[in-house]
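# Overview (structure and organization)
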Amino acid sequence: MKVIMLGAPGAGKGTQAKKIAAKYHVPHISTGDIFRANIKNGTELGKKAKTYMDQGLLVPDELVVDLVVDRVNQEDCVDGYVLDGFPRTIPQAEALDKALAALGQKVDYAINVEVPDENIVTRMGGRRACVGCGATYHLEYAPTKKEGICDACGRELILRDDDKPETVTKRLNVYHEQTQPLIDYYTQAGILKEVDGTVDIEEVFRAITVILGE
Ligand code: ADP
Ligand code: ADP
Ligand code: ZN
């Protein structure tokens, strides 16, 4: 089962992708997480990516595509995967399709998690990320058991720099310009599925399991 998560920044792609990965036993591949791990480890890729991420811009396609193609060719991906945050541009989608076609494969579902822009800024303002393991919480909608402390690993939580309101607005504009066209792309491919992302986390997931099968 090969699944792509589409949606604005903060729509809940990561939250749902983790739940899909757990239920259907496929790896969760988040390009944002891969870049943040590279930044933390001080790699060349991390240094390059950071300059774009800090500005709320997309990392150039050539820095993303090979990374993802290599990742989905690894052994743990034979039964599928859930891609979160990739593709984000038409050229990325075309590159993925081409790489899969060369193996006689294709994407099965592109799930668009729909959340209007008005809701996004509050979502992002309340998002907190663990400095240790990268787990994501929300002050109001997905709180930790102990305030400010990661349930999974016990480290402290932060507001990501790119989740500050100025950058969120910029990222939303980038989303509308560069990523939203993918909705038409996957509609034409006949694999687009829409879910309402404004309802609570479990309800969104129920809608997704109806699409993917129990
Ligand atoms: P969110 O989950 O809030 O949408 P991500 O963690 O997916 O954010 O991504 C954070 C940042 O990493 C993006 O704003 C962008 O700069 C960069 N990034 C992640 N995935 C991609 C991609 N596929 N193409 C280009 N840039 C990306
Ligand atoms: P994305 O990966 O699309 O950027 P996240 O999964 O990180 O989005 O979710 C953004 C923020 O909103 C997080 O703080 C998360 O806990 C919270 N969140 C996710 N889904 C919902 C939902 N259905 N209702 C309320 N808050 C949500
Ligand atoms: Zn943690």
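Keep in mind the model is a prediction, meaning the values are calculated, not measured.

Turning next to the coordination of the zinc ion (ligand 3). The protein atoms donating to the zinc ion (ligand 3) are Cys130 (SG), Cys133 (SG), Cys150 (SG) and Cys153 (SG), with metal-donor distances spanning 2.3 Å. Counting the intervening residues between successive donors of the zinc ion (ligand 3) yields the motif C-x2-C-x16-C-x2-C. Within this pair, whereas Cys133 is found in the loop between strand S5 (127-130) and strand S6 (136-138), its partner Cys150 is found in the loop between S6 and strand S7 (157-158), the two being separated by 17 residues in sequence. Overall, Cys133 belongs to the partly exposed group, its relative accessible area being 43%. Look at Cys150 and you get buried, because its relative accessible area is 3%.

The final tally for this structure, using the stated rule, is 12 salt bridges. Between Asp54 and Lys50 there is a salt bridge; the shortest N-O distance is 2.7 Å. Its relative accessible area of 41% is what places Asp54 among the partly exposed residues. Residue classification places Lys50 among the partly exposed positions, given a relative accessible area of 35%.

If you check the shell around ligand 1, you find 21 residues, and the closest are Thr31, Leu57, Gly85, Arg127 and Arg171. Gln92 is positioned with one of its side-chain polar atoms (N or O) 2.9 Å from a nitrogen atom of ligand 1. Notes on ligand 1: free accessible area 550 Å², of which the protein chains cover 97%. Of the residues assigned to the shell around ligand 1, the class counts are 9 nonpolar, 5 polar and 7 charged.

Residues of strand S3 (residues 81-84) alternate between two faces, with Tyr81 and Leu83 on one and Val82 and Asp84 on the opposite face, all of them buried. In this sheet, S3 lies alongside strand S1 (residues 2-6) in parallel orientation, the contact comprising 4 bridges. Along S3, the bridge assignment pairs Lys2 with Tyr81. Pairing analysis gives 3 bridges linking strand S2 (residues 28-30) to S3, with the strands arranged parallel. What sits directly across from Ile29, in S3, is Leu83.

How each quantity is defined
- Residues numbered from 1 in each chain as written.
- Chains lettered and ligands numbered in written order.
- Predicted model: local features only at pLDDT ≥ 70, side-chain atom pairs only at ≥ 80, totals over all residues.
- Heavy atoms only, no water.
- Donors = N, O, S within 2.8 Å, 3.2 Å for Na, K, Ca; no water.
- Helix = DSSP H or I, 4+ residues; strand = E, 2+ residues; numbered from the N terminus.
- Buried < 20%, exposed > 50% of the residue type's maximum accessible area, 1.4 Å probe, protein only.
- Salt bridge = Lys/Arg side-chain N within 4 Å of Asp/Glu carboxyl O.
- Near = heavy atom within 4 Å.
- Polar contact = N/O pair within 3.5 Å; in protein donor to acceptor, adjacent residues only side chain to side chain.
- Areas by Shrake-Rupley, 256 points an atom, 1.4 Å probe, with all protein chains shown as cover.
- Nonpolar A, V, L, I, M, F, W, Y, C, P; charged D, E, K, R; others polar.
- Pairing = 2+ DSSP bridges.

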